[in-house]
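Chains, contacts and geometry: an overview
Below, each chain spelled out in residue letters.
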Amino acid sequence: MAEKFDVAVIGSGPGGYAASIRCAQKGGTVAIIEKGDIGGVCLNCGCIPSKTLLASAHIFNLAKNAGAMGIDIDNPRVNWPKVQSRKKAVIAGFRKGLAGLIASNKIKIFQGAGIITAKNKIAVQGDTLAEIEAAKIIIATGSVSIEIPFVPFDGEKIISSTEALSLNKIPKSMIIIGGGVIGCEMACVYSSVGTKVTIIEALERILPLEDEWVGQLLAREFKKSGIDVIAGKKVTGSEKTGSQVKLSLEDGTAIEAEKVLVCVGRKAFCDSQTVKNLSLQMNGSAIKVNEKMETSVAGVYAIGDAVGTTYLAHGAFFEAEVAAENTMGKEARIGDYSLVPRAVYTFPEVASVGKNESKCKESGIDYTVGRAFFRANGRSIAHNETVGEVRVVRDKKTDKVLGVVMVGAGVTEMIAAARALIGSKEKIGEISFAHPTVSEVLKEALEDAFGTGLHTPSKA
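Here the focus is the overall build of the protein. Assigned secondary structure in the protein consists of 13 helices and 24 strands. For 460 residues, the compact-globule estimate of 2.2 N^0.38 gives 23 Å, and the protein sits close to it at 24 Å. The C-alpha extent of the protein, read off along each of the three principal axes, is 75 × 60 × 45 Å. Burial analysis of the protein (460 residues in total) assigns 48% to the buried set. For the protein, contacts bridging at least 24 residues in sequence account for 62% of all contacts bridging at least 6. Entry remark: accessible area of the protein is about 21,600 Å², with carbon and sulfur atoms responsible for 52%. Charge separation in the protein, taken as the distance between the mean sites of 55 positive and 50 negative side-chain charges, equals 1 Å.

Before going further, it helps to spend a moment on the sheet that holds strand β20 (residues 342-344). Across the sheet, which stays open at both edges, the five strands sit in the order β20-β21-β24-β23-β22 with antiparallel pairing between neighbours. The strands lining the two open edges of the sheet, one partner per strand, are β20 and β22 (367-373). This sheet shows a mean twist of 10 degrees between the axes of neighbouring strands, independent of strand direction. One ladder, built from seven bridges, connects β22 with strand β23 (residues 389-395); its direction is antiparallel. Each residue of the ladder has a partner; that of Gly-370, found in β23, is Val-392. The sheet strands contacting helix α13 (residues 440-449) are β22, β23 and β24 (401-408), and the helix crosses β22 at an angle near 150 degrees.

Attention shifts here to the pattern of salt bridges. Tallying each qualifying case throughout the model produces 19 salt bridges. Note that Lys-224 is salt-bridged to Glu-221, the shortest N-O span being 3.1 Å. Of this pair, Lys-224 and Glu-221 both sit in helix α7 (residues 212-224), three residues apart, which is roughly one turn of that helix. Among the residues examined, Glu-221 registers a relative accessible area of 13% and is labelled buried. Of the charged contacts in the structure, one is a salt bridge between Glu-291 and Arg-333, with a shortest N-O distance of 2.7 Å. Here Glu-291, found in the loop between β18 (286-287) and β19 (300-302), pairs with Arg-333, found in the loop between α9 (313-327) and β20; they are 42 residues apart in sequence, far enough to count as distant. Here the salt bridges do not stand alone but share partners, grouping Glu-291, Lys-292, Glu-331 and Arg-333 into one network.

The rules behind each value
Residues numbered from 1 in each chain as written. Predicted model: local features only at pLDDT ≥ 70, side-chain atom pairs only at ≥ 80, totals over all residues. Heavy atoms only, no water. Helix = DSSP H or I, 4+ residues; strand = E, 2+ residues; numbered from the N terminus. Rg over C-alpha atoms; globule rule 2.2 N^0.38 Å. Buried < 20%, exposed > 50% of the residue type's maximum accessible area, 1.4 Å probe, protein only. Contact = heavy atoms within 4.5 Å. Areas by Shrake-Rupley, 256 points an atom, 1.4 Å probe, with all protein chains shown as cover. Lys, Arg positive; Asp, Glu negative; His and termini not counted. Charge placed at Lys NZ, Arg CZ, Asp CG, Glu CD. Pairing = 2+ DSSP bridges. Axes fitted to C-alpha atoms, helices over the stretch in contact; angles between N-to-C directions. Salt bridge = Lys/Arg side-chain N within 4 Å of Asp/Glu carboxyl O.

So far we have only geometry, and geometry alone does not tell us how the molecule works.
Shown next as structure tokens:
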């Protein structure tokens with residue numbers, strides 16, 4: 001006999017668990033169906049493990065450069081097995097905590113693949129078969145890595161980001177196909193610990209969704225750290241040659257490495273049976289939804305990577321709130337996606353929110369840009385982290401702040417404060433920033449956008 005719930009959520013990633021908890025808080029009886037480990041891709045083979053490896057790489061970089069700070073550390077080295085053990089422990093701790101959080105909200109977890117057989121019915125296919133009936137359903141089934149047909153994954157020499165996070169030893173060389181967020185972050189991890197890394201990006205620059213100056217600055221810093229960037233060239237084929245993989249490029253050249261990491265993006269996932277059984281309307285591999293996050297079937301919602309919007313954990317949180325409100329009988333609509341911050345945890349970091357210069361140009365907006373540099377910031381100089389700048393985009397007509405783009409150490413921690421200023425006309429002179437702090441670079445850039453920067457050379 002089927003168990004009955006007010007809401008059933010398929011997938012326990014950031015969107016899935018957030019939606020389930022919010023529904024439970026609002027008084028609903030809730031079930032989560034998860035075919036893998038609790039926490040989905042983000043916790044188990046995405047956000048958390050990648051940032052844990054990046055943290056270890058960062059500490060190693062600090063140790064290698066400690067002499068510049070007057071600290072002598074002889075021959076620092078990486079203990080890769082310990083790095084991987086720590087990563088596993090971090091994941092296990094979060095997984096245990098999340099399971100406890102879900103249980104504390106009296107949400108029942110079903111282990112297995114959730115297949116929607118009818119509008120209000122789900123078949124759970126796992127070690128133990130189960131049937132669920134739910135008044136409302138939220139699909140949060142995530143995404144999968146995109147595979148290049150002529151560079152197919154084998155899990156050993158040609159790998160996805162999942163395998164890249166769990167290599168049992170540091171490779172001598174690695175080619176990363178794709179200079180987006182994942183590719184650039186993995187380049188920083190492996191280059192820091194001694195791998196010779198080459199990024200191949202088909203478009204004209206790495207991080208192509210950000211402004212041109214961002215990709216150029218990052219490529220310059222990558223070169224200093226030994227990462228080669230080949231931009232504007234496509235890979236046309238692959239061949240395994242003993243212990244190496246040789247890639248052919250469109251200009252007739254070839255390049256070899258011990259590992260090839262394919263990072264050309266992710267695509268939304270929803271099982272074909274569910275799509276067929278519900279006759280769901282799709283946008284390619286993504287589920288089509290309206291501004292309420294409702295699919296083409298009334299009472300069935302979809303969020304997160306499954307709808308192919310941001311491919312960000314906090315983007316999924318954003319959508320989960322809306323879906324949960326609507327499943328529980330309230331009215332909610334999704335807001336402006338440009339206000340979901342974008343963060344890249346490279347060395348240096350990249351973060352942005354709102355409209356950047358490229359988007360303003362596309363929209364025909366008459367704008368001006370305020371700039372401030374980390375090399376002029378007291379705390380940044382003290383920490384020997386002076387690379388990068390902050391740019392603030394202001395609408396000349398309305399005087400409102402439209403967007404903020406940052407490149408520098410720690411900017412992913414500053415971007416939320418920048419988000420709070422989007423749409424504001426305030427010249428922030430009344431806001432006191434602690435001194436010396438890195439966040440003063442944000443204040444300087446904002447004041448410069450309004451022509452009131454105290455530490456910016458006069459433009460008169």
